[in-house]
Amino acid sequence: MIYDLIIAGSGSAGAAAGYYASRAGLNVLMIDAHHPPHKQGAHHGTSRLIRYAYGEGEKYVPLLLRSKALWQEFEQTAGVKLLHPCGVLNAGPRGSGFMENIRTSAQRWSLNTETLTAKQVQQRWPEITLPEHFCAVYEQDAGYLSAESAIEHWIRLAREQGCGQLFNCPVTAIGRQDGLQKVTTAEGEYFGRKLLVSSGSTVQTLLPGLPVTPIRKVFSWFQADGRYSENNHFPGFSIELDDGSQYYGFPAQDNALKAGRHDGGQPLSLNQPRPPFGSIARDGSECFAFLRQCLSGVGGCLYGESCSYDMSPDEDFIIDTLPDTPDCLVITGLSGHGFKFSPVLGEIACHFATQGQLPDSVKPFSLQRFTG
Ligand SMILES: Cc1cc2nc3c(=O)[nH]c(=O)nc-3n(C[C@H](O)[C@H](O)[C@H](O)COP(=O)(O)OP(=O)(O)OC[C@H]3O[C@@H](n4cnc5c(N)ncnc54)[C@H](O)[C@@H]3O)c2cc1C
């Protein structure tokens, strides 16, 4: 059997790709080393933020807006709530690159945002204290996604659409044979006209030449009462401090507020398992100084988890075909901000498998930018 598309790594981007490609009538095989959703990759821990006024750069906004429409459509199809528009508060020192990108994105794309001073933030959310010289942009349409649930439903619907699924089966090598893409696994070899490599932070085991560094990150849940809940209109947040450190978090659920630090982390070795939460002394305390300064009513750390980022050198995505293999698409380098894009990444992979081309919207994410 020759597949139209084989997907090596069916986590976030790969699960969505399996759904869109099988919906388009393609003969698809999804492969994963584990059974997604799972805790070994980058998509666990219940929730992921989705923001459209984008601090990481205005070039992402077209993809974000398409993603939003696809999330809404997929909620209808799957019959499940995945997108929770609880609002997101972005804040940082006035003039920081992150805040400037948010303003530019909001202006150019007429996004629904409000600019607030530190004082206005505290009037609206007495739980949040920002230094006086900070500016804030509140985006009420932004919010969070139910990440593991989304993956579960992409996989379920892909299966119902006739997609082949080979889970708990690592891909050990990829290559070419007789003009086809060849994928080697413990269970045998598979052949496809097109191949998507979306294997997350361990992508270099299959493609050692890619400029992607796996980084270990943690997030933790902290004691927080009803004032911090979505019911009380407490928002998601993304806050940069004066020293450049960046923190994000979510409205509390069941008296636990999830927060994490976006910068920093520890480089991971490809052939060793990721150390669990708590194996590094500062895992439970890296948000303390931030919480004390900005959310001083939040209590102690209850528990946490470790997770992986696949960092590209400029922290921008890599969405491109391999230079010598135009039938192989890689989606990687999502650098800790990719989940919200999963549906549009899945749609791009489907477009690639049907048309043999990538849309213009992904030009900023080419591999060429690293070679000049
Ligand atoms: C702590 C943390 C917080 C984050 N917060 C946000 C956020 O708020 N908003 C946001 O948008 N993004 C966020 N992200 C980033 C986002 O979750 C990731 O960018 C996204 O999930 C990555 O998708 P992926 O498909 O590349 O990887 P994954 O979802 O990890 O999928 C990769 C899959 O490949 C499989 N695989 C690996 N190797 C092989 C192999 N050899 N053979 C077969 N299968 C293989 C894995 O088992 C896995 O299922 C966060 C990430 C972390 C870790």
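Residues numbered from 1 in each chain as written. Predicted model: local features only at pLDDT ≥ 70, side-chain atom pairs only at ≥ 80, totals over all residues. Heavy atoms only, no water.

Within an unreviewed UniProt entry, the label attached to the protein reads N-methyl-L-tryptophan oxidase, and the organism entered is Tatumella punctata.

Draft legend 1. Up close: helix H5 (residues 147-160). Between its first and last C-alpha atoms H5 spans 20 Å; for 14 residues at 1.5 Å apiece the expected length is 20 Å, and the two agree. Taken residue by residue, H5 has Ala147, Glu148, Ala150, Ile151, His153, Trp154, Ile155, Leu157 and Ala158 as its buried positions. (Helix = DSSP H or I, 4+ residues; strand = E, 2+ residues; numbered from the N terminus. Expected span 1.5 Å × (residues − 1). Buried < 20%, exposed > 50% of the residue type's maximum accessible area, 1.4 Å probe, protein only.)

Draft legend 2. How the structure looks around the packing of helix H2 (residues 61-78) against H5. Running from N to C, H2 and H5 point in directions that differ by 60°, and their axes come no closer than 11 Å. Where H2 crosses over H5, the handedness of that crossing is left-handed. Seen from H2, the contacting residues are Trp71, Phe74, Thr77 and Ala78; seen from H5, they are Ala150, His153, Trp154, Arg156 and Leu157. When grouped by side-chain class, the residues that make up the contact of H2 with H5 number 6 nonpolar, 2 polar and 1 charged. (Axes fitted to C-alpha atoms, helices over the stretch in contact; angles between N-to-C directions. Left-handed = near helix turned anticlockwise from the far one by under 90°. Contact = heavy atoms within 4.5 Å. Nonpolar A, V, L, I, M, F, W, Y, C, P; charged D, E, K, R; others polar.)

Draft legend 3. Quick peek at the side chain of serine 238. Considering the arrangement of structural elements, one finds serine 238 in strand S14 (residues 236-240). The exposure class assigned to serine 238 is buried, which follows from its relative accessible area of 8%. The residues contacting serine 238, other than those within four sequence positions of it, are Arg51, Val88, Leu89, Asn90, Ala91, Phe98, Tyr247 and Tyr248.

Draft legend 4. Up close: the site of the ligand. Taken together, 30 residues form the shell around the ligand, and within it Ser12, Asp32, His38, His43 and Cys307 come nearest. At 3.0 Å from a nitrogen atom of the ligand is found a main-chain nitrogen or oxygen belonging to alanine 33. Contacts to the ligand include glycine 336, whose backbone N or O atom sits 3.3 Å from a nitrogen atom. Contact with the protein chains covers 95% of the free accessible surface of the ligand, which is 1,000 Å². Elements supplying a minimum of two residues to the shell around the ligand: helix H1 (12-23), strand S3 (47-50) and strand S18 (301-311). Top element by residues in the shell around the ligand is S18. It accounts for 3 residues. Of the residues that constitute the shell around the ligand, the class distribution is 12 nonpolar, 15 polar and 3 charged. (Near = heavy atom within 4 Å. Polar contact = N/O pair within 3.5 Å; in protein donor to acceptor, adjacent residues only side chain to side chain. Areas by Shrake-Rupley, 256 points an atom, 1.4 Å probe, with all protein chains shown as cover.)

Draft legend 5. Seen up close, the UniProt feature "domain: FAD dependent oxidoreductase" (unreviewed entry) in the protein. Mapped onto this numbering, the UniProt entry gives "domain: FAD dependent oxidoreductase" (unreviewed entry) at residues 4-350. With 23% helix and 33% strand, the stretch residues 4-350 has end C-alpha atoms that lie 10 Å from each other. (UniProt positions renumbered as here; feature names shortened; annotations may be inferred.)

Draft legend 6. Expanded view of H2. A rise of 1.5 Å per residue sets the reference length of H2, with its 18 residues, at 26 Å; its end C-alpha atoms lie 25 Å apart and thus fit the reference within 8%. When we look at burial in H2, the residues that qualify are Val61, Leu63, Leu64, Ser67, Leu70, Trp71, Phe74, Glu75 and Ala78. Just downstream of H2, glycine 79 is the residue with a positive phi angle, here 70°.

Draft legend 7. Summary view of the pattern of salt bridges. All chains considered together, the criterion is met by 17 salt bridges. A salt bridge links glutamate 114 to arginine 124; the shortest N-O distance between them is 2.4 Å. Of this pair, glutamate 114 sits in strand S6 (residues 113-117) while arginine 124 sits in helix H4 (residues 118-124), placing them 10 residues apart in sequence. (Salt bridge = Lys/Arg side-chain N within 4 Å of Asp/Glu carboxyl O.)

Draft legend 8. Representation of the nonpolar core within the structure. Counting residues in hydrophobic clusters, the biggest one holds 59 residues, and the most contacted among them are Trp71, Trp154, Ile319 and Phe341. Counting 28 residues, the second-largest nonpolar core is a separate cluster that includes Leu116, Phe222, Leu241 and Ala259. (Core = buried A, V, L, I, M, F, W, Y, C linked by side-chain atoms within 4.5 Å.)

Draft legend 9. Fine view of the sheet that holds strand S4 (residues 83-84). The strand order across the open sheet formed by 3 strands is S3-S8-S4, and the pairing between neighbours is antiparallel. Lying at the two open borders of the sheet, with one neighbouring strand each, are S3 and S4. Here S3 runs beside strand S8 (residues 143-146); their pairing, made up of 4 bridges, is antiparallel. Across the sheet, isoleucine 50 pairs through a bridge with glycine 143, a residue of S8. Along the sheet face, H5 touches S3 and S8 and points at about 45° away from the line of S8. (Pairing = 2+ DSSP bridges.)

Draft legend 10. Focus on unusual backbone geometry. For the bond from proline 36 to proline 37, the omega torsion is -5°, close enough to zero to count as cis. Locating proline 37 in the fold gives a position in the loop between strand S2 (28-31) and S3. Look at glutamate 315: it is not a glycine, yet its phi comes out positive at around 65°. Examined against the element boundaries, glutamate 315 turns out to sit in the loop between S18 and strand S19 (318-322). Taking the relative accessible area as the measure of exposure, glutamate 315 reaches 39% and is therefore partly exposed.

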